[in-house]
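Structural features, examined
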Amino acid sequence: MKDIITLKDIAVSFDGETILDGLDLSIHDGEFVTLLGPSGCGKTTTLRIIGGFITPDRGDVFFGDQRVNKVPPHKRRVNTIFQRYALFPHLNVYENVAFGMRVQKKSKAEIAETVEKMLALVNLKGFEKRAVSTLSGGQQQRVAIARALANNPRVLLLDEPLAALDLKLRKDMQVELKNIQKSLGITFVYVTHDQEEALSMSDTVVVMDGGRIQQIGTPTDIYNEPQNAFVADFIGESNILDGIMREDYLVEFFGKTFRCVDCGFGKDEPVDVVVRPEDIDIVEPEKGDLIGRVTNITFKGVHYEIIVDVKGFKWMIQTTDFHAVDSVIGIMIDPQEIQVMKKSEYSGMYGDYSSFSEEFDELADPEAENGAAQ
Amino acid sequence: MKTLSKIYNIIIFAILYFPIVMVIVFSFNSARYTPMEWKDFSFQWYELLFQNEEILSALSVTLEVALISTLAATLLGTTAAIGIHAMNKKLRSAMLTINHFPMVNPEIVTGVAFMLLFVALAVVLPLFKPGFFTLCIAHITFCTPYVVLQIMPKLRQMDRHLFEAALDLGCTPFRAFVKVMVPEILPGILTGALMAFTMSLDDFAISYFTSGSSAQTLSVTIYSMVKRPVTPEIYALSTLMFGTVLVLLVLANIGQIRDIASRKKRAR
């Protein structure tokens, strides 16, 4: 596939604070790419560089083969969906959608036809004459999408477009956005801090932290084969353990050697080991590779989430069976469920689940909740 | 307690407005030098007023100066406000202090300062001889801060992404300014312009020091007239000026109320 946007060695800093630090990224034509990371990781800055609102201190931005560092936003064939929609309050729905085409001096008939088509695409037929102030958040979001797409962009940039919507609406809009992207076949670059959103919508996920890309891959790659402790911790729940790679396909932790599917590490190299909570089997204590005591159990609907103490390390395990607190269980892990990662700057930053409590779980994503409340 | 506060209010307003009401009433009195005696209702002073060459020329100077300085101050104030808004926090508050200073500075000081400046400049540039031009310059200067003051809050309320959205949709920066930013801050620009116009109409102290014999504003002319025995023509003129300013202020207030209402609607 052809690269439509290439970022090479991009660095940006504001007031002496480094925002992006040597970022390299290629985006293929027609792809749904998500920039995923915690707030302050540089994902929005990356998007604004592509949109032309920020000129990088160092590095090059290419659209195709053309270097566009100095090209102003109005000359770029990309359009942006802003976080708070940025609809023009003095114009009605029709005029908002027609805005870009009016600037380009398109004919009246063409504008009318395109506006009708776009409003149909986002299910807002009949809203033409409405003032944007009378629309709900979800409807405003749709107008913003129609307005951007009416310009027939090759790339659509979306900056946390669903952050201000409530959960139910957000799920519906995820599906709708994905459908729009598929049917139009244009490239979407999507910024979010919501890992679930990233995994369910994207062709490619770019995980960012501290102004650098931590991993690029398909959603399944990112989830199943995280490259470092940050990615493993940020995407989903994970038990991250210290291990030693004894030889290819053999990793040791908790004094026990486990078969695994990873190779290419040095002999006796210290590594980080990731095991997802849903990939652990619970068996009779005498049959388990490891033995632990249940310290906490929480009912989650589809499954129980239990915290198991194994030699002082608290594991999180998801299971459909009930295990009473203080019962002793055995743990078994299949070789393909063990992901071995090289040590990184993030090693040791994410401990076990010893600080786990139900209240903590509820506070886990304050940013998303703030966004929904606003 | 409630009746007491009502009475208090009535007294305050009576003190504030009684003199003006007196002027209005006696502008319709046909008696001449004994204003405290009511004779007949008549428009004779208004008729005389509009035959008085001195007053009519002063009126036209006043209106011309007000119009020119309103236009110039609105343009300057709008661009200044946008520039100040784009500055970082420190610079912005410094600039706003500089902007607010002329509004609290005693007018007479401003007037004397202008006079000195123009006298000095006139030595080299005859254009700065006291007259219409210097009046305009002075009025533009003291009106501009009021325009800035009216527009700043509108800029703060504006979604900062609106401008970027317009650029994103293909507008050049100037076009984005005209098509998106101006409509958003228009209520501020209009009230700013109205403020500038009334301030310019109102002004006496600064005009007194910056106008020459070639061009005098109404207030300066009236001042020179009252040195002679006062004629009720001046009551008629004062009534008209009071009426004009009142209408302008009411218009400005209606504009503001409408703006607040539409903002509330938008917030819902």
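Residues numbered from 1 in each chain as written. Chains lettered and ligands numbered in written order. Predicted model: local features only at pLDDT ≥ 70, side-chain atom pairs only at ≥ 80, totals over all residues.

A short note on the overall build of chain B
Across its full length, chain B holds eleven helices and zero strands. Counting only C-alpha atoms, chain B reaches 70 × 65 × 35 Å along its principal axes. In chain B, which comprises 268 residues, the proportion classed as buried is 31%. (Helix = DSSP H or I, 4+ residues; strand = E, 2+ residues; numbered from the N terminus. Buried ≥ 20, exposed ≤ 12 C-beta atoms within 10 Å, placed from the backbone.)

With respect to the overall build of chain A
A tally of helices and strands in chain A yields ten helices and 20 strands. Summarising its shape, the C-alpha atoms of chain A cover approximately 80 × 45 × 40 Å along the three principal directions. Out of the 374 residues belonging to chain A, those deemed buried represent 40%. In chain A, once contacts between residues fewer than 6 apart in sequence are set aside, the share between residues at least 24 apart is 67%. (Contact = placed C-beta atoms within 7 Å.)

Here we look at the interface of chain A and chain B
Taken residue by residue, the interface counts 18 residues in chain A and 17 residues in chain B. Of all the secondary-structure elements, those providing two or more residues to the side of chain A that touches chain B are β6 (78–81) and α2 (93–103) of chain A. By residue number, the principal contributor to the side of chain A that touches chain B is α2 of chain A, which donates three residues. Here the residues of the side of chain A that touches chain B are counted per class, giving eight nonpolar, nine polar and one charged. (Nonpolar A, V, L, I, M, F, W, Y, C, P; charged D, E, K, R; others polar.)

Describing the domain arrangement of chain B
Residue and element names in this part refer to chain B. Per the domain assignment, the segments making up chain B are domain 1 (1–42) and domain 2 (53–267). Centre-to-centre separation of domain 1 and domain 2, based on C-alpha positions: 31 Å. Taken together, the contact between domain 1 and domain 2 spans eight residues of the former and six residues of the latter. Partitioning the side of domain 1 that touches domain 2 into residue classes produces five nonpolar, two polar and one charged. (Domains from an automatic or database assignment.)

Details of unusual backbone geometry
Peptide bonds are, in most cases, trans, and in most cases residues other than glycine have a negative phi. Residue and element names in this part refer to chain A. Positive phi, close to 55°, is recorded for N152, a residue that is not glycine. Position of N152 among the secondary structure elements: in the loop between α4 (137–149) and β7 (155–159). Here F254, not a glycine, exhibits a phi torsion of approximately 55°, which is positive. Here F254 shows up in the loop between β12 (250–253) and β13 (256–259). F254 sits in the partly exposed class, given 18 other C-beta atoms within 10 Å.

Notes on the sheet that holds β6 of chain A
Within a sheet, adjacent strands bond to each other through the backbone by hydrogen bonds, running parallel or antiparallel. All names here are of chain A. Across the sheet, which stays open at both edges, the six strands sit in the order β6-β7-β8-β3-β9-β10 with mixed pairing between neighbours. Across the chains shown, the open sheet's two edge strands, defined by having one partner strand only, are β6 and β10 (212–217). Averaged over neighbouring strand pairs, the angle between their axes works out to 20° when direction is ignored. Note: strand β9 (residues 204–209) against β10, five bridges, orientation antiparallel. (Pairing = 2+ DSSP bridges. Axes fitted to C-alpha atoms, helices over the stretch in contact; angles between N-to-C directions.)

Things to note about the environment of G312 of chain A
Among the structural elements, G312 of chain A can be located in the loop between β17 (304–310) and β18 (313–319). Remark: the alpha-carbon pair of G312 of chain A and T220 of chain A, spanning 92 residues in sequence, is separated by 31 Å.

Notes on the pairing of β12 of chain A
Residue and element names in this part refer to chain A. Pairing between strand β11 (residues 239–247) and β12: three bridges, direction antiparallel. In the sheet register, E247 faces β12, and the bridge partner there is L250. In this antiparallel pair of consecutive strands, β11 and β12, the connection spans two residues, and Y249 shows a positive phi of 70°. Pairing geometry for β12 and β13, over four bridges, is antiparallel. The partner of F253 across the bridge, within β13, is K256. The antiparallel hairpin formed by β12 and β13 contains two residues in its connecting segment, where F254 sits at a positive phi of about 55°.

Some points on the nonpolar core
Grouped together as the largest cluster of nonpolar side chains are 103 residues, with contacts concentrated most on V97, A146, L156, V189 and V206 of chain A. The biggest single contributor to this core is α4 of chain A, with six residues. (Core = buried A, V, L, I, M, F, W, Y, C linked by C-beta atoms within 7 Å.)

Describing the environment of M115 of chain B
Residue and element names in this part refer to chain B. Tracing the chain through its elements places M115 in helix α5 (residues 107–124). Judged by the 18 C-beta atoms lying within 10 Å of it, M115 is partly exposed. Each C-alpha atom of the pair M115 and F174 lies 38 Å from the other, and the pair is 59 residues apart in sequence.

Details of the domain arrangement of chain A
All names here are of chain A. Each domain of chain A was delimited in the assignment, giving domain 1 (3–223) and domain 2 (225–373). Counting residues at the interface gives 15 residues for domain 1 and 13 residues for domain 2. Counting only elements with at least two residues in the side of domain 1 that touches domain 2, the list comes to β9, β10 and α7 (219–224). Class assignment for the residues of the side of domain 1 that touches domain 2 results in six nonpolar, five polar and four charged.

Overview of the confidence of the model for chain B
Averaged over all residues, the pLDDT of chain B equals 87, while 96% of them reach at least 70. Our summary of model confidence lists the complex with pTM equal to 0.78 and ipTM equal to 0.80. (pLDDT = per-residue confidence, 0-100.)

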